[in-house]
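# A look at the structure
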Amino acid sequence: MRPSTLLLAYASSVLGASWIAPGAVWYDTKGTKIDAHGGGVVKRGDTFYWVGHAAANQTPMLYSSTDLINWTPQGQQASSVTGMWRPKIAKPNGSFWLFGQQDRYVLSLKSANFIGGYSQSAKVYIPPSSYSYSDTGMFYDDSTQTYYLLTSADHNIVQVNRINSDGTLGDKVSDLRAGAYEAPGIVKADGVYFLIVSGKTGWRSNPNKVFWSTSINGPWTGGSDIAPQDQNTYGSQNTFELTVAGSQKTTYIYMGDAWDSKGGASSNYVWAPMNINAGAHTVTIDYHSMWKVDVNTGVVSYPTTLKRYEAEHAVLSGRTVRDASEVTFHNVTGTGALQWLSFHYKVSNPEAGEAHIYVNDEPAVNISSLNSRAGYHTSTPVQLNLRAGDVNTITFGATGGEGFEVAVDGIELFEEDE
């Protein structure tokens, strides 16, 4: 029987999250799956704000956090506005602004307050040629205190336009005409501007590229991969680059969307640190299945293993799982609340089948419904609600076509990091 794709979201027992797990389902502080796709993050004071569009109707949604891990929902920012894709925040004057794509126009919303109260200011094509466009990016250049709107405009042009001090869309300052690219974002490091773009492959991920310039005015040079080509940017598409300038180091963060086949509600997020070499003009994603950054120091860290359950010590019909065979782990330690576990396994072909789990007496759940990186990486972290103590049973199985096999190594639990 094919398992259900029921998500194990236990709102009543949600504790503070401890880690960023690329591709996993992320929950807000109320226990609801975060719904902010195609978004961007800005910092005001000690608080980060993440705006993105809701999967169902593309209305702008806002979340706040002081650690980039625990996100508090701030709700819809313009409930009457729908179909506004990839919204981004700007503050070119005393008001607050959201810019996004609606009907291939640039839609700008304005509010006197940072949270809520946004209403339409303008809906325009992109100057100077009145192009329509698809994907919205945003970059703030602190050296000139200027916001720039980044767009994937008509005729395969990625365009950079200044946002004027009155909030109107200003002149084009540069463009990239190097192929069919979209989903632009810019990060600046050591005086070099890096423009990250995705290929145009619909909702399917592809090898995102980076171009560089010593000026926001261009020209843009390069086109190297930001991740190994066969990883397709770790199953994601670029949406924003965040700089965390800490007391010990500056960390640059790639923020991408792990889209489902329709860009819908089961889409997740892939965030990861980036290694930037301004002298060599390279940007590469430093991918880890779980990580976090100290927003005060800028230092990146990774979880410590608390306990590991090896497959050879489990009850199984073979370490290679095929259809109708399973691996069962007994006496798995739980906290009594939502916690991170990582399943270590390899599949013969992630497109040919599904791995699934049974937790105690709960229905079967596809691991890919808990982490879209399932099957593509040897370590797949998920959040599960286990009973407190060494009393849990987790059964790992697989369904798929002929030749689909899963080699199971074990389950890893992590030290609590409060």
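Refer to the structure presented above.
Now for a look at the structure at hand.

How each quantity is defined
Residues numbered from 1 in each chain as written. Predicted model: local features only at pLDDT ≥ 70, side-chain atom pairs only at ≥ 80, totals over all residues. Heavy atoms only, no water. Helix = DSSP H or I, 4+ residues; strand = E, 2+ residues; numbered from the N terminus. Rg over C-alpha atoms; globule rule 2.2 N^0.38 Å. Buried < 20%, exposed > 50% of the residue type's maximum accessible area, 1.4 Å probe, protein only. Contact = heavy atoms within 4.5 Å. Areas by Shrake-Rupley, 256 points an atom, 1.4 Å probe, with all protein chains shown as cover. Lys, Arg positive; Asp, Glu negative; His and termini not counted. Charge placed at Lys NZ, Arg CZ, Asp CG, Glu CD. Pairing = 2+ DSSP bridges. 1 Å grid on protein atoms, 1.4 Å probe; cavity = no way out; pocket = protein on both sides within 12 Å on 5 of 7 lines; lining within 4 Å. Points joined across faces, edges and corners; volume = space filled by probe spheres on them. Nonpolar A, V, L, I, M, F, W, Y, C, P; charged D, E, K, R; others polar. Salt bridge = Lys/Arg side-chain N within 4 Å of Asp/Glu carboxyl O. Axes fitted to C-alpha atoms, helices over the stretch in contact; angles between N-to-C directions. Phe/Tyr/Trp six-rings, centres within 6.5 Å; stacked < 30°, edge-to-face > 60°. Polar contact = N/O pair within 3.5 Å; in protein donor to acceptor, adjacent residues only side chain to side chain. Core = buried A, V, L, I, M, F, W, Y, C linked by side-chain atoms within 4.5 Å.

### Overview of the overall build of the protein
Regarding its fold elements, the protein presents one helix and 32 strands. On C-alpha atoms alone, the protein measures out to a radius of gyration of 22 Å, which is about the 22 Å that the 2.2 N^0.38 rule sets for 418 residues. The buried share of the protein, taken over its 418 residues, is 56%. For the protein, the proportion of contacts with a sequence separation of at least 24, taken over those separated by at least 6, is 57%. Counting every atom, the protein has about 16700 Å² of accessible surface; 46% of that belongs to carbon and sulfur. Charge centroids of the protein, computed over 28 positive and 38 negative side chains, lie 7 Å from each other.

### Here we look at the pairing of strand β18 (residues 250-258)
Of all nine residues in β18, eight are buried, a share of seventy percent or more. Bridge count for strand β17 (residues 237-245) against β18 is eight bridges, and the pairing is antiparallel. Bridged to V244 within β18 is T251.

### Looking at empty space enclosed by the protein
Evaluation of the coordinates by the stated rule reveals three cavities of 30 Å³ or more. One number sums up the size of the largest cavity: a volume of about 50 Å³. Together, A36, G38, G39, G40, V41, W50, T239, M255, G256, D257, Y269 and W271 line the largest cavity. It is strand β1 (residues 37-44) that provides the largest number of residues to the lining of the largest cavity, a total of four residues. When grouped by side-chain class, the residues that make up the lining of the largest cavity number six nonpolar, five polar and one charged. Space inside the second largest cavity adds up to approximately 50 Å³. Taken together, S198, G202, W203, R204, S205, N206, G235, S236, Q237, D257, A258 and W259 make up the lining of the second largest cavity. Of the residues in the lining of the second largest cavity, the class split is three nonpolar, seven polar and two charged.

### Structural notes on the pattern of salt bridges
If you walk through the whole model with that rule in mind, you get ten salt bridges. As a salt-bridge pair, K123 and D103 come within 2.9 Å of each other at their nearest N and O atoms. A residue pair is termed long-range when its members are at least 10 positions apart, and K123 in strand β8 (residues 119-124) and D103 in the loop between β6 (96-102) and β7 (105-111) qualify at 20 residues. Among the residues examined, K123 registers a relative accessible area of 30% and is labelled partly exposed. Salt-bridge contacts for K172 lead to D175; the nearest nitrogen and oxygen are separated by 2.9 Å. Under the relative-accessibility criterion, K172 is labelled partly exposed at 31%. If you follow the salt bridges from partner to partner, you end up with K172, D175 and R177 in one network.

### Let's talk about the sheet that holds β17
Read from one edge of the open sheet, four strands run β17-β18-β19-β20, paired in antiparallel fashion. The open sheet has two edge strands with one neighbour each: β17 and β20 (282-285). Each neighbouring strand pair of the sheet contributes to a mean axis angle of 30 degrees, computed without reference to strand direction. Looking at chain direction, β18 and strand β19 (residues 268-277) are connected through seven bridges and run antiparallel. In the sheet register, G256 faces β19, and the bridge partner there is V270.

### Description of the packing of aromatic side chains
Using the criterion set out here, one finds 20 aromatic pairs in the structure. For the ring pair W26 and Y269, a centre distance of 5.6 Å and an interplane angle of 35 degrees mean the geometry is tilted. Placement of W26 in the segment before β1 and of Y269 in strand β19 is noted, with a sequence separation of 243 residues between them. Between the aromatic rings of W50 and Y269, the centroid separation amounts to 5.0 Å while the plane-to-plane angle is 80 degrees, which identifies the pairing as edge-to-face. Pair noted here: W50 is in strand β2 (residues 47-53) and Y269 is in strand β19, with a separation of 219 residues, a long-range link.

### Considering the side chain of D135
Locating D135 in the fold gives a position in strand β9 (residues 133-141). Residue classification places D135 among the buried positions, given a relative accessible area of 10%. Of note is the side chain of D135, whose polar atom sits 3.3 Å from the side chain of R86. A distance of 3.1 Å separates the side chain of D135 from the backbone nitrogen of A183, its partner in a polar contact. Apart from residues lying up to four places away in sequence, D135 is in contact with R86, L150, T151, S152, E182, A183, P184 and Q237.

### Let's talk about the environment of A21
Looking at where A21 falls in the secondary structure, it is placed in the segment before β1. The class of A21 is buried, set by a relative accessible area of 0%. In the structure, A21 is positioned 352 residues away from R373 in sequence and 9.8 Å away in space, judged by C-alpha atoms. With residues near it in sequence (within four places) discarded, A21 still touches W26, Y269, S289, M290, W340 and P381.

### A closer look at the pairing of β1
Bridge count between β1 and β2: six bridges; the pairing is antiparallel. In the strand pairing of β2, V42 is matched with Y49. Between β1 and β2, which pair antiparallel in sequence order, lie two residues; one of them, G45, sits at a positive phi of approximately 65 degrees.

### Some words on the nonpolar core
V41, W50, L68, W71, L242, I253 and W271 are the most contacted members of the largest nonpolar core, which has 30 residues in total. For this core, the secondary structure elements donating two or more residues are β2, β3 (60-65), β17, β18 and β19. For this core, the element with the highest residue contribution is β17, accounting for three residues. For I253, the contacting residues outside a window of four places in its chain are L68, F240, E241, L242, V244, W271, A272, P273, M274, W291 and V293. Core analysis: the second largest hydrophobic core is formed by 27 residues, F343, L384, L386 and F396 among them.

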